[in-house]
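Descriptive analysis of the structure
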Amino acid sequence: MMKIVNHMRLAFDALPENESFARVAVSAFTVPMSPTMDVLSDIRTAVSEAVTNAIVHAYGESGGTILLTAALREDAVLQLEIADQGCGIADVEQAMQPFFTTQPEKERSGMGFAVMQSFMDSVEVSSAPGKGTAVRMEKRIRPMGN
Amino acid sequence: MLSHVRKGDVLLVRLTGELDQCSASGIRRDLDALLDDPRVRHLVLDLAGMPFMDSSGLGVILGRYRELRQRGGTVSLMRLSPQVKRIYDLSGMARIIPVIEKKEDE
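Residues numbered from 1 in each chain as written. Chains lettered and ligands numbered in written order. Predicted model: local features only at pLDDT ≥ 70, side-chain atom pairs only at ≥ 80, totals over all residues.

1. Here's the deal with the sheet that holds strand E2 (residues 65-73) of chain A
Strand-to-strand pairing in sheets goes through backbone hydrogen bonds, with the strands running parallel or antiparallel. Residue and element names in this part refer to chain A. Pairing is antiparallel in the open sheet, where five strands are placed in the order E1-E2-E3-E5-E4. Unpaired on one side and paired on the other, strand E1 (4-13) and strand E4 (122-127) mark the two borders of the sheet. Strand-to-strand twist across the sheet, computed as the mean angle between neighbouring axes with direction ignored, equals 10 degrees. (Pairing = 2+ DSSP bridges. Helix = DSSP H or I, 4+ residues; strand = E, 2+ residues; numbered from the N terminus. Axes fitted to C-alpha atoms, helices over the stretch in contact; angles between N-to-C directions.)

Pasting the structure below:
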């Protein structure tokens, strides 16, 4: 196991105005590891997608709390978890298909998970109906050996 | 935030700020108000002032494309930031909504 050199936990309301807050918080947390602008931008985008999913799909109108945890490993890898206690996903594999959306009438692109998978090094989703969803992602901040 | 100029049937809209799910509804509403003008058939979105977009923004662009297609029009984009270009390339939407490479004043 790689040593964790820094760690944070944030709990915030599932409100659209907190999407930007989550992006900025994770960016600021990552900056001491000297990421490139491209890496930072990838992380910000993936965070935005995961938080949006929690707000729009997990909680919808009911609202709730999003728990964001982030850890920086000594090998310069960012570990992220964005978790909710919302409705959960019945078929995770289907939800992760590009362009799949349960809300086409609301102009959802269905690209959220595809963006996370493309912009991060790994994405793992744990979910069950009624039991919430946790999205765990990793991104290397600097190449190995630097 | 947006500003716009219309020349004939072409509406050029400059978008500024970040486009995520939070800002999407306001931008969608403002764009639709401009597209209510029946003279407009072609929409050009200038994204030079928009450093960040997530997939909610892709949904907004796709929605306006569907509207304009119904009246025989088009949507195109210009001046994408590196982050916006990255997510736009991933979406594959450039096949139906092209990115204009020329500069604004050409």
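What follows picks up the thread again.
2. Describing the packing of helix H1 (residues 17-30) of chain A against helix H2 (residues 37-59) of chain A
All names here are of chain A. Contact geometry of H1 with H2 gives a least axis separation of 9 Å together with a crossing angle of 145 degrees. Crossing geometry of H1 relative to H2 is assigned as right-handed. Along its contact with H1, which presents Asn18, Glu19, Ala22, Arg23, Val26, Ser27 and Thr30, the element H2 presents Leu40, Ile43, Arg44, Val47, Ser48, Val51 and Thr52. Within the contact of H1 with H2, the residues separate by chemical class into six nonpolar, five polar and three charged. (Left-handed = near helix turned anticlockwise from the far one by under 90°. Contact = placed C-beta atoms within 7 Å. Nonpolar A, V, L, I, M, F, W, Y, C, P; charged D, E, K, R; others polar.)

3. A few points about the interface of chain A and chain B
Between chain A and chain B, the contact holds 20 residues from the first and 17 residues from the second. Mapped by element, the contributors of at least two residues to the side of chain A that touches chain B are H1, H2 and helix H4 (112-119) of chain A. With eight residues, the single largest contributor to the side of chain A that touches chain B is H2 of chain A. Across the side of chain A that touches chain B, the residue classes break down as six nonpolar, eight polar and six charged.

4. Thoughts on the confidence of the model for chain B
Per-residue confidence for chain B gives a mean pLDDT of 94; residues scoring 70 or more make up 95%. Interface confidence in the predicted complex, given as ipTM, is 0.90; pTM for the same model is 0.93. (pLDDT = per-residue confidence, 0-100.)

5. Looking at the nonpolar core
Ala46, Val47, Ala50, Val51, Ala54, Ile82 and Met116 of chain A are the most contacted members of the largest nonpolar core, which has 58 residues in total. Sequence-distant contacts of Ala46 of chain A, defined by excluding residues within four places in its chain, comprise Val115, Met116, Phe119, Met120 and Met137 of chain A. (Core = buried A, V, L, I, M, F, W, Y, C linked by C-beta atoms within 7 Å. Buried ≥ 20, exposed ≤ 12 C-beta atoms within 10 Å, placed from the backbone.)

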